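The primary structure of each chain is shown beneath.
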Amino acid sequence: MTKQHANWSPYDNNGGTCVAIAGSDYCVIAADTRMSTGYSILSRDYSKIHKLADKAVLSSSGFQADVKALQKVLKSRHLVYQHQHNKQMSCPAMAQLLSNTLYFKRFFPYYAFNVLGGLDEEGKGCVFTYDAVGSYEKVGYSAQGSGSTLIMPFLDNQLKSPSPLLLPAQDAITPLSEPEAVDLVKTVFASATERDIYTGDKLEIMILKADGIRTEVMELRKD
Amino acid sequence: MFRNQYDTDVTTWSPTGRLFQVEYAMEAVKQGSAAIGLRSRSHVVLASVNKAQSELSSHQRKIFKVDDHIGVAIAGLTADGRVLSRYMRSESINHSFTYESPLPVGRLVVRLADKAQQVCTQRSWKRPYGVGLLVGGLDESGAHLYYNCPSGNYFEYQAFAIGSRSQAAKTYLERRFESFNESSREDLIKDAILAIRETLQGETLKSSLCTVSVLGVDEPFHFLDQESIQKVIDTFEKVPEEEEDGGEAEAEAAAAPTEQGGAGDQDVAPMEM
């Protein structure tokens, strides 16, 4: 007696790649703008980056309908926080909230692979990386999505982030300057676009600093 | 209002068709310190008098942001007001979540009146909220100002004042309200502060005594800082310690409002004389 299986899935993967790198006083969050389903392209210009608070920006790949729902929930919760505390949420606070929100749906998860980037309470860049059910870690850099397996090893090579297992705990922040980090991001995406069919079209980069957010757009291969 | 045998329960009618508990709740509103609201075609200003329990304590917050496009000023039991503000914020956030658009003010006041206020007048185990709310907001149909009663009634106003000595402010507003629709933002703020001054009954008007908030087209709800308020006060009060005579104040002094009860002074002379 073989197990009965559903003839439909509540999930779909819309592809795409997200990357974030933390610097000493900045944070770079980048994602491609291609949205696909199966072997088809749904959009060449869909943003996967969403500003949650002044100092916290979320980038998610996976099932974009779940990503949209997740963004809406976080936005509402942030409004409640602002009413209660009379200030915006810090990035570490938002990181915990995101984790809790994801685990809340532990038994019907948000199919979202998240990277949260921003500035911590001291003004230093911070990046948090997640799995679909909310397990998270503060890191110096991260990549999620269809091109993550192509990008992560290269970032490991370039950014030499110390192991979180080391004692005493070492800072995960990269010593790279902001222009260098942006350049690195453009390089990794250009490479990932070559071999990952789900990554391409355009690259959207958000650079978060104490004085505000800057956005850059770069063209990627469209095939 | 006198005690009688029909006022114990909120769910008991009097033979004359009144619910006394609800009316007593409306009395509580009159005891709170004054709150004022005015609107023009594009802006809404909410102002309140800062009353502190004692010199040692801070003053109660009477104006709350509900959303970028809606603010509320309360008078009466401020604790009740805080709870209702939280309800309104929740409604606004839920509406934005579901419809991806800001909650129209008229819808908010209806929900507040029906779900929060009226219900408490029809349950024997509840009591009416002892707070009156001036809800000011901006939506697709323009700027609005509503007053929500503890009874669950609500009315739309061009300008209104609630709380103690609000009659003085209302008299001032009644004289001027016809011009409010076309008022500029600055004139609207000035009128709000002048209306607040009416409720102070001779006490010198200082920026520390009042809280003023503004919202409008392209201007999300926010509080004015003390400096800005003081600047407006300075335009019509030359020097606070001397006689209250300024360009604008002349017009007001000429038609000084009658005070509600009390000494019934007609002049606008300062207390220091």
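Located above this text is the structure these notes cover.
Residues numbered from 1 in each chain as written. Chains lettered and ligands numbered in written order. Predicted model: local features only at pLDDT ≥ 70, side-chain atom pairs only at ≥ 80, totals over all residues. Heavy atoms only, no water.

(A) Spatial organisation of the nonpolar core. All names here are of chain B. Leu38, Leu173 and Ile193 are the most contacted members of the largest nonpolar core, which has 30 residues in total. Counting only elements with at least two residues in this core, the list comes to strand S1 (35-39), strand S2 (43-49), strand S8 (159-162), helix H4 (166-176), helix H5 (185-199), strand S9 (210-216) and helix H6 (226-236). Ranked by residue count, the leading element in this core is H5, at 7 residues. Setting aside residues up to four positions removed in sequence, Leu173 forms contacts with Ile36, Leu38, Ala159, Phe160, Ala161, Phe180 and Ala195. (Core = buried A, V, L, I, M, F, W, Y, C linked by side-chain atoms within 4.5 Å. Buried < 20%, exposed > 50% of the residue type's maximum accessible area, 1.4 Å probe, protein only. Helix = DSSP H or I, 4+ residues; strand = E, 2+ residues; numbered from the N terminus. Contact = heavy atoms within 4.5 Å.)

(B) Broad picture of the packing of helix H1 (residues 64-85) of chain A against helix H2 (residues 78-99) of chain B. For the pair H1 of chain A and H2 of chain B, interaxial distance at closest approach is 10 Å and the crossing angle is 160°. It follows from the interaxial angle that H1 of chain A and H2 of chain B lie roughly antiparallel. As for the relative orientation of H1 of chain A and H2 of chain B, their crossing is right-handed in sense. Contacts from Lys72, Val73, Ser76, Leu79, Val80 and His83 of chain A in H1 of chain A reach Arg89, Ile93 and Phe97 of chain B in H2 of chain B. When the residues that make up the contact of H1 of chain A with H2 of chain B are grouped by side-chain class, the tally is 5 nonpolar, 2 polar and 2 charged. (Axes fitted to C-alpha atoms, helices over the stretch in contact; angles between N-to-C directions. Parallel < 35°, antiparallel > 145°, perpendicular 65-115°, else oblique. Left-handed = near helix turned anticlockwise from the far one by under 90°. Nonpolar A, V, L, I, M, F, W, Y, C, P; charged D, E, K, R; others polar.)

(C) Structural context of the interface of chain B and chain A. Counting residues at the interface gives 6 residues for chain B, matched by 6 residues for chain A. Roughly 710 Å² of surface becomes buried between chain B and chain A when both sides are summed, with 63% attributable to carbon and sulfur atoms. In this assembly, chain B and chain A are joined by 1 salt bridge. Note that Glu100 of chain B is salt-bridged to Lys72 of chain A, the shortest N-O span being 3.0 Å. For the pair chain B and chain A, the number of links is 3 residue pairs in polar contact (both at pLDDT 80 or more). Taken together, the elements giving at least two residues each to the side of chain B that touches chain A come down to strand S3 (63-67) and H2 of chain B. Element by element, the count of residues in the side of chain B that touches chain A is highest for H2 of chain B, at 3 residues. Of the residues in the side of chain B that touches chain A, the class split is 3 nonpolar, no polar and 3 charged. (Buried area = accessible area lost by both parts, 1.4 Å probe. Salt bridge = Lys/Arg side-chain N within 4 Å of Asp/Glu carboxyl O. Polar contact = N/O pair within 3.5 Å; in protein donor to acceptor, adjacent residues only side chain to side chain.)

(D) Region of interest: the packing of aromatic side chains. Considering all chains together, one arrives at 12 aromatic pairs over all chains under this definition. Consider the rings of Phe128 of chain A and Tyr136 of chain A, whose centres lie 5.9 Å apart with planes at 50°: the pair is tilted. When its relative accessible area of 5% is taken as the criterion, Phe128 of chain A is described as buried. Taken together, a centroid distance of 3.9 Å and an interplanar angle of 15° make the contact between Tyr157 of chain B and Phe160 of chain B stacked. Put simply, the rings of Tyr11, Phe63, Phe108, Tyr111 and Phe113 of chain A pair up and form one aromatic cluster. Seen from the ring of Phe97 of chain B, Lys72 of chain A lies directly overhead, with NZ or CZ sitting 4.8 Å from the centre. For Lys105 of chain A, the ring lying beneath its charged end belongs to Tyr110 of chain A, and the centroid distance is 5.2 Å. (Phe/Tyr/Trp six-rings, centres within 6.5 Å; stacked < 30°, edge-to-face > 60°. Lys NZ or Arg CZ within 6 Å of the ring centre and 35° of its normal.)

(E) Local environment of the pairing of strand S5 (residues 49-53) of chain A. Two elements, S5 of chain A and strand S6 (residues 56-62) of chain A, share 4 bridges in a ladder whose sense is antiparallel. The residue bridging His50 of chain A from the neighbouring strand is Leu58 of chain A, located in S6 of chain A. (Pairing = 2+ DSSP bridges.)

(F) Spatial organisation of the environment of Leu119 of chain A. All names here are of chain A. With respect to the secondary-structure elements, Leu119 resides in strand S7 (residues 112-119). We classify Leu119 as buried; its relative accessible area is 2%. C-alpha of Leu119 to C-alpha of Ala56: the two residues are 63 residues apart in sequence and 6.9 Å apart in space. Dropping the residues within four chain positions of it, Leu119 is found in contact with Asp25, Tyr26, Cys27, Lys55, Cys91, Lys124, Gly125, Cys126, Leu208, Lys209 and Ala210.

(G) Region of the structure containing the pattern of salt bridges. Residues and elements named next belong to chain A. This structure, assessed with the given rule, holds 23 salt bridges over all chains. The residue Lys202 makes a salt bridge to Asp45 at a minimum N-O spacing of 3.7 Å. Here Lys202 is found in strand S11 (residues 202-209), whereas its partner Asp45 is found in the loop between strand S4 (40-43) and S5, with 157 residues between them in sequence. Residues Lys51 and Asp54 are paired through a salt bridge, measuring 3.4 Å at the closest nitrogen-oxygen approach. Given the relative accessible area of 41%, Asp54 is considered partly exposed. Here the residues in one salt-bridge network are Glu178, Lys186, Lys209, Arg214 and Glu216, joined through shared partners.

(H) Looking closely at the pairing of S7 of chain A. Residues and elements named next belong to chain A. In terms of burial, S7 is largely enclosed, as 7 of its 8 residues are buried. Where S6 and S7 come together, 7 bridges link them in antiparallel fashion. For Ser60, the partnering residue across the bridge sits in S7 and is Asn114. Pairing geometry for S7 and strand S8 (residues 125-130), over 5 bridges, is antiparallel. Paired with Gly117 across the bridge in S8 is Val127.

(I) Highlighting the sheet that holds S8 of chain A. All names here are of chain A. Pairing in this open sheet of 5 strands is antiparallel, and the strands run S5-S6-S7-S8-S9 from one edge to the other. Where the open sheet ends on each side, the last strands, each with one partner, are S5 and strand S9 (136-139). Across the sheet, the mean angle separating the axes of adjacent strands is 25° when strand polarity is ignored. Set on the sheet, H1 makes contact with S5, S6 and S7; between it and S6 the angle comes to about 160°. In the packing of helix H2 (residues 91-104) onto the sheet, the strands contacted are S5, S6, S7, S8 and S9, and the crossing angle to S8 comes to about 5°.

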